[in-house]
Amino acid sequence: MLTGIHILLTYKCTLECEHCFVHASPSSPGVITLQQIKDLIREARKLEHIEWIFFEGGEPFLFYPILLEAIQFAKENTFKVGLVTNAYGAITDDDALVWFRPLAELGVDYINISDDQFHYEEEHSPAKLGVATARKLGIPIDPICIKKPFVEALPGEGLHKGEPVIGGGAMFRGRAADKLIEGLPRKPGKDLVKCPYEDLVTPERLHVDPYGHVHLCQGVSMGNAFAHPLSTLVSRYDASAHPIVGPLVQGGPAELARRYEVSLDGGYVDECHCCYLVRRALLDRFPEHLAPRQVYGL
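Residues numbered from 1 in each chain as written. Predicted model: local features only at pLDDT ≥ 70, side-chain atom pairs only at ≥ 80, totals over all residues. Heavy atoms only, no water.

A. Looking closely at the sheet that holds strand S9 (residues 213-217). The 8 strands lie next to each other as S5-S4-S3-S2-S1-S8-S9-S10, forming an open sheet whose pairing is mixed. In this open sheet, the two strands that pair with only one neighbour each are strand S5 (141-144) and strand S10 (220-224). Across the sheet, the axes of successive neighbouring strands diverge by a mean angle of 25 degrees, strand direction being ignored. Bridge count for strand S1 (residues 4-8) against strand S8 (residues 205-208) is 4 bridges, and the pairing is parallel. Bridging from a neighbouring strand, isoleucine 5 pairs with leucine 206 of S8. Strands strand S4 (110-114) and S5 of the sheet are contacted by helix H4 (residues 126-136), whose axis makes an angle of about 170 degrees with S5. (Pairing = 2+ DSSP bridges. Helix = DSSP H or I, 4+ residues; strand = E, 2+ residues; numbered from the N terminus. Axes fitted to C-alpha atoms, helices over the stretch in contact; angles between N-to-C directions. Contact = heavy atoms within 4.5 Å.)

The following block contains the structure:
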């Protein structure tokens, strides 16, 4: 059941992390307007079970005044509000308070702060100051801590008898599909027959980006909310009729590749890695459903 709409304020970011789903960077184009945000929130009101509006990016703090106005509008429309940030401006305790106190005053319900080796290596990072400050202000918060991928266990080791276990928490889509796969064990593409990470039939959340693309998974678009009302796109969505989602639901990345005659060579770290590369091979064939291209590093 769909309960959350995640609005990407921008694809721009202060950093260019190797594990980023959407290839965000300081030079990435794409910024949403306040009016577009308000229109999306009004559309979310038409959807029966939506409880949460999340603001993320890229880095949403880059457009802080717009972020505050958007949070206030979402709260006025009775939504719970969440936020995902790297807290880059929290460079001292005083600075952190200036960044996070308005969020507490507006009643932000939840914040994720990226606090890991991809974002900051120093012990006293903006992320850690942001986490500490948000907690002092009473904002519910969870750090996001992703590690570089590593092999936790190989088949036959200890109690583990199945497939290799890859630790670290990175998803092998976006920049990670190119930057973080070296040295990891691979699986044949023909064996990757399901999507274990996203419910593509009845998603719990959708991401709307600065161009209006409504993402079921990063780079898989339900449609464009700036061309058609979000509530209409959601009400008319049929997973089986979607040219990308349909094959994935039927038989995972292996079926998507088989359906459109994409060669599966070389092996893949997991289903996500395989799916992302197959989709990237299909960009020119399905430009409306696999968008925007910059999420694929192009």
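B. Geometry of the pairing of S4. Of all 5 residues in S4, 4 are buried; the element is thus mostly enclosed. Bridge analysis of strand S3 (residues 80-85) against S4 gives 4 bridges, and the strand direction is parallel. Each bridged residue has a counterpart across the sheet, and for valine 84 the counterpart in S4 is asparagine 112. Once the chain exits S3 it traverses helix H3 (residues 93-106) before rejoining the sheet at S4, and the crossover so formed is right-handed. Pairing of S4 with S5 involves 4 bridges; the strand directions are parallel. Looking at S5, one finds that serine 114 is bridged to isoleucine 144. (Buried < 20%, exposed > 50% of the residue type's maximum accessible area, 1.4 Å probe, protein only. Right-handed = clockwise from strand over helix to strand, strands pointing away.)

C. Inspection of the nonpolar core at higher detail. Membership of the largest hydrophobic core comes to 80 residues, with the highest contact counts inside it found for Ile5, Ile7, Phe55, Phe100, Leu103, Ile111 and Leu282. Per-element accounting of this core gives the leading share, 7 residues, to helix H2 (residues 64-76). Setting aside residues up to four positions removed in sequence, isoleucine 111 forms contacts with Leu83, Thr85, Phe100, Leu103, Ile139, Pro140, Ile141 and Asp142. Of all hydrophobic cores here, the second largest spans 10 residues; its members include Cys17, Ala170, Phe172 and Val269. (Core = buried A, V, L, I, M, F, W, Y, C linked by side-chain atoms within 4.5 Å.)

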